[in-house]
Amino acid sequence: MFNFKKGLTGLALFLSLTLILAACGGNNSGDSSEGSSESGSSVGEEMDYEIVGIEPGAGIMKATTSAIEEYDSLKGWELIESSSAAMAAELGKAIEDEEPVIVTGWTPHWMFAKYDLKYLEDPQGLYGEEENIETFARDGLKEDKSSAHTILDQFKWSPEDMNAVMVEIQEGAQPEEAAKNWVNEHTDMVEEWTNGADEVEDEEISLAYVAWDSEIASTNVVAQVLMSMGYDVELTQLDAASMFIAVSEGDADAMVAGWLPITHADLLDEYGDTMERLGPNLEGAKTGLVVPSYVEADSIEDLKPAE
Ligand code: PBE
């Protein structure tokens, strides 16, 4: 069964963060006049020298903390902790008001389909180049649940595939619904993933994930495929480090949410030896600082320090 309790806790957290962010946003919305970027006021002042972040513990939060330390142009800037959902809401609100905003972003993500956005160039390469998303299983899964292991090992799709599921969820579908639709429409790919795997009866499997939109999509798709093979699937929502710990300690059977080589490098270092690395399930992902295309900066170095 799906774990709704965790989902509700996440929703409560999301709502409270949204309220906090909404309250903060209210203080300064009047300050930045519409023409400020044209009149040459610095790309920084008009954003209050704040970067809208996501959940603490995400790799992109660590990379952004380093960026603030390493780039002279980000001296004195602040990274605001938030949630993925609240970040996306802030971005949408700023775009509606045609105000400048800068967020920690990544692709695949539905927000690139919905809004006209750009990554700020990162000449120091702190966010890396292309990332892969990798699958990890607990030690022993292959022996205990070989059918699930085969499916997890063969699960591989493209950024476009993931994006399609994300967009459907963003447009209002429940994650399991969007995942089920995608699975029904892509039987050829699902056949490749399940090739050589036997159907099971009364077997349980638990997947850990983080409430990033990309991982909500992938984890639900894998869950649907496992369910179609007879598994009783439990999804457990955690933060990034707890997800790695859960698989390394065997509390979760697997996860499909390891971003490498950069984003989760520290977690791989710490827990990678006590889990099985099954390789990329998606190639061509990316993380970085993201702005609406009307923001007059193309590189992190075009921003202005607060001091
Ligand atoms: N993300 C999405 C994660 C990995 C997946 C980029 C927000 C992170 O930064 O850890």
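The residue numbering used here restarts from 1 in each chain and proceeds along that chain's sequence as written. Given that this is a predicted model, residues contribute local features only at a pLDDT of at least 70 and side-chain atom pairs are listed and counted only at 80 or more, while totals for whole chains, interfaces and linings are drawn from all residues. Based on all heavy atoms of the structure, the side-chain values leave hydrogens and waters out of the count.

Applied cut-off: UniProt positions are given in the numbering used here, feature names are shortened, and annotations may be inferred rather than shown by experiment.
Going by an unreviewed UniProt entry, the protein carries the name Glycine betaine/proline transport system substrate-binding protein and comes from Guptibacillus hwajinpoensis. UniProt, in the comment section headed Subcellular location (unreviewed entry), describes the protein in these words: "Cell membrane".

## Observations concerning empty space enclosed by the protein
Basically, it comes down to this: Cavity and pocket criteria rest on a 1 Å grid covering protein atoms alone: a 1.4 Å probe that fits but cannot get out defines a cavity, protein on both sides within 12 Å along at least 5 of 7 lines defines an open pocket, and an atom within 4 Å of a point defines a lining residue. Grid points are joined across faces, edges and corners, and a volume is the space filled by probe spheres set on the points. Elements are defined by DSSP. Helices are runs of H or I of four residues or more, strands are runs of E of two residues or more, and each kind is numbered from the N terminus. We call Asp, Glu, Lys and Arg charged. Ala, Val, Leu, Ile, Met, Phe, Trp, Tyr, Cys and Pro are nonpolar, and the rest, Gly among them, are polar.
Per the stated rule, a full pass over the model turns up one cavity of 30 Å³ or more. There is about 110 Å³ of room inside the largest cavity. Those elements that provide at least two residues to the lining of the largest cavity are helix H2 (59-70) and helix H10 (213-228). Broken down by class, the residue content of the lining of the largest cavity amounts to six nonpolar, five polar and one charged.

## Overview of the side chain of His109
To be explicit about the condition: Polar contact is the term for a pair of N or O atoms within 3.5 Å; when the atoms are in protein, one must be able to donate a hydrogen and the other to accept it, and sequence-neighboring residues count only if both atoms are side-chain atoms. Contacts are residue-level and defined by heavy atoms, with any inter-residue pair within 4.5 Å sufficient.
Its place among the elements puts His109 in the loop between strand E3 (103-107) and helix H4 (111-114). Looking at His109, its side chain comes within polar contact range of the main-chain nitrogen of Met111, at 2.9 Å. Setting aside chain neighbours within four positions, we find His109 in contact with Asn163, Met166 and Asp213.

## Points about the pattern of salt bridges
Pairing is possible between side chains of opposite charge, provided their charged atoms come close. This is how it is decided: For this analysis, a salt bridge means a side-chain nitrogen from Lys or Arg found within 4 Å of a carboxyl oxygen belonging to Asp or Glu. Remark: exposure states derive from per-residue accessible area (1.4 Å probe, protein chains only) relative to the maximum for the residue type, with buried under 20%, exposed over 50%, and partly exposed in between.
Applying the stated rule across the entire model yields nine salt bridges. The salt bridge partner of Glu134 is Arg277, with a shortest N-O separation of 2.7 Å. Of the two residues, Glu134 is situated in strand E5 (residues 131-138) and Arg277 in strand E9 (residues 275-292); the sequence distance between them amounts to 143 residues. Residue classification places Glu134 among the buried positions, given a relative accessible area of 6%.

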